[in-house]
Amino acid sequence: MAPPFQSESDLNKFLDSICEESKNSKGDLDRRVAENLDQVRGKQWKGKSSPSFMYNIIESSLEDKNGKLSETKPEIMVLPSSNGLGPVAELLTQVVTSIWDRTKLEYKTERVALIGAICGAAFVGTPFNRRLANGMGDIDVVVKDPRSCGIDMCVTAAEDADLGEYVICEDYVPLDLLRAEFPGRGALVKRNERVSGYDI
């Protein structure tokens, strides 16, 4: 648990130290992902002279495997835990199926598989998005690149993620939305032309 802070600068120093710890725990993840991306994108030949013919088998096989995930929709069945709860379980099954259809879960599954195949892991979250449902807000299913996420370095397995004290997710938001949501501080954020949403 974070200690109480006397000033904003103390809070920022604490958050910076957590970010630094998270980056150190990731090691050379960025380099390994960049190498894997080169393989998938067909930059496999490292010699001085390029070969007369080269077919990118890695990319096509990944597309074939991941495409099969989006062809079949995931299904769920909620089972009653005791007698008399059958109608409730059926209703919950319909509700969850509707939520999965609305969030296009089959495409999210395909993206998780693609990021997992390239990066070795992927993050999935269900944050509350205030812009969904015509501004009323709703739960969203978000798939994140592991390079933009960090987790407490004491967590060594995915199933132990709830034991960590923090999770960091870097996100890229349009400046107009940021300034509308945070009128004072939002104006201080400057654009970064190096940021690209097409890195995977």
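This text goes with the structure placed above it.
None of the values given here were measured: they were computed from a predicted structure.

**Q** Explanation requested: the packing of helix α3 (residues 57-71) against helix α5 (residues 105-119) in the structure shown.
**A** Helix-helix packing is described using two parameters, namely the angle between the two axes and the distance between the axes. The interhelical angle for the contact between α3 and α5, taken along N-to-C directions, is 155 degrees, at an axis separation of 8 Å. By the angle between their axes, α3 is roughly antiparallel relative to α5. The chirality of how α3 crosses α5 is right-handed. Residues Leu-62, Asn-66, Gly-67, Leu-69 and Ser-70 of α3 form the contact with α5, whose own contacting residues are Glu-106, Tyr-107, Thr-109, Glu-110, Ala-113, Leu-114, Ala-117 and Ile-118. Partitioned by chemical class, the residues of the contact of α3 with α5 number 7 nonpolar, 4 polar and 2 charged.

**Q** Would you mind going over the pattern of salt bridges with me for this structure?
**A** Pairing between side chains becomes possible if they bear opposite charge and their charged atoms approach one another. Under the criterion given, the structure shown has 9 salt bridges. Here Glu-35 ties to Arg-31 by a salt bridge, and the two come within 2.8 Å at their closest N and O atoms. Taken as a pair, Glu-35 and Arg-31 lie in helix α2 (residues 29-40) at a separation of 4 residues, close to a single helical turn. Accessibility expressed as a relative area gives 44% for Arg-31, which makes it partly exposed.

**Q** For this particular structure, what's the right way to read the side chain of Ser-148?
**A** Tracing the sequence through the fold places Ser-148 in the loop between β4 (142-144) and β5 (149-151). Residue classification places Ser-148 among the buried residues on the basis of a relative accessible area of 13%. Aside from chain neighbours lying at most four places away, what touches Ser-148 is Ile-168, Cys-169 and Glu-170.

**Q** What is the right way to read the layout of surface pockets from this model?
**A** Gaps left between atoms are located by rolling a probe of water-molecule size over the structure's atoms. Quantified by volume, the second largest pocket comes out at close to 510 Å³. When contributions to the lining of the second largest pocket are tallied by element, the ones reaching two or more residues are α1 (8-26), α2 and β5. Across the lining of the second largest pocket, the residue classes tally to 13 nonpolar, 5 polar and 3 charged.

**Q** Just checking my understanding: could you explain helix α4 (residues 86-102) for this structure?
**A** Owing to its 3.6 residues per turn, the α-helix aligns residues three or four sequence positions apart on the same side. Over its 17 residues, α4 runs 25 Å from end to end, which matches the ideal 24 Å to within 8%, given 1.5 Å per residue. Once α4 finishes, Lys-104 follows within two positions and takes phi at roughly 55 degrees, a positive value.

**Q** How should the environment of Ile-118 be read in this particular structure?
**A** Turning to its location among the elements, Ile-118 is positioned in helix α5. Residue Ile-118 is classed as buried on the basis of its relative accessible area of 4%. Residues Ile-118 and Asp-38, spaced 80 residues apart in sequence, show a C-alpha to C-alpha distance of 10.0 Å. Ignoring any residue separated from it by four or fewer positions in sequence, one finds Ile-118 in contact with Val-33, Asn-36, Leu-37, Val-40 and Leu-62.

**Q** Help me understand unusual backbone geometry, please; the structure alone is not making it clear to me.
**A** Leaving glycine out, the prevailing phi sign among residues is negative, and the prevailing peptide bond configuration is trans. Located in the positive-phi region is Ala-133, a residue other than glycine, with phi close to 55 degrees. A positive phi angle is found at Asn-134, which is not glycine, with a value near 55 degrees. Relative to the helices and strands, Asn-134 resides in the loop between β2 (128-129) and β3 (138-139). Of the residues examined, Asn-134 reaches a relative accessible area of 82% and is grouped as exposed.

About the thresholds
Residues numbered from 1 in each chain as written. Predicted model: local features only at pLDDT ≥ 70, side-chain atom pairs only at ≥ 80, totals over all residues. Heavy atoms only, no water. Axes fitted to C-alpha atoms, helices over the stretch in contact; angles between N-to-C directions. Helix = DSSP H or I, 4+ residues; strand = E, 2+ residues; numbered from the N terminus. Parallel < 35°, antiparallel > 145°, perpendicular 65-115°, else oblique. Left-handed = near helix turned anticlockwise from the far one by under 90°. Contact = heavy atoms within 4.5 Å. Nonpolar A, V, L, I, M, F, W, Y, C, P; charged D, E, K, R; others polar. Salt bridge = Lys/Arg side-chain N within 4 Å of Asp/Glu carboxyl O. Buried < 20%, exposed > 50% of the residue type's maximum accessible area, 1.4 Å probe, protein only. 1 Å grid on protein atoms, 1.4 Å probe; cavity = no way out; pocket = protein on both sides within 12 Å on 5 of 7 lines; lining within 4 Å. Points joined across faces, edges and corners; volume = space filled by probe spheres on them. Expected span 1.5 Å × (residues − 1).

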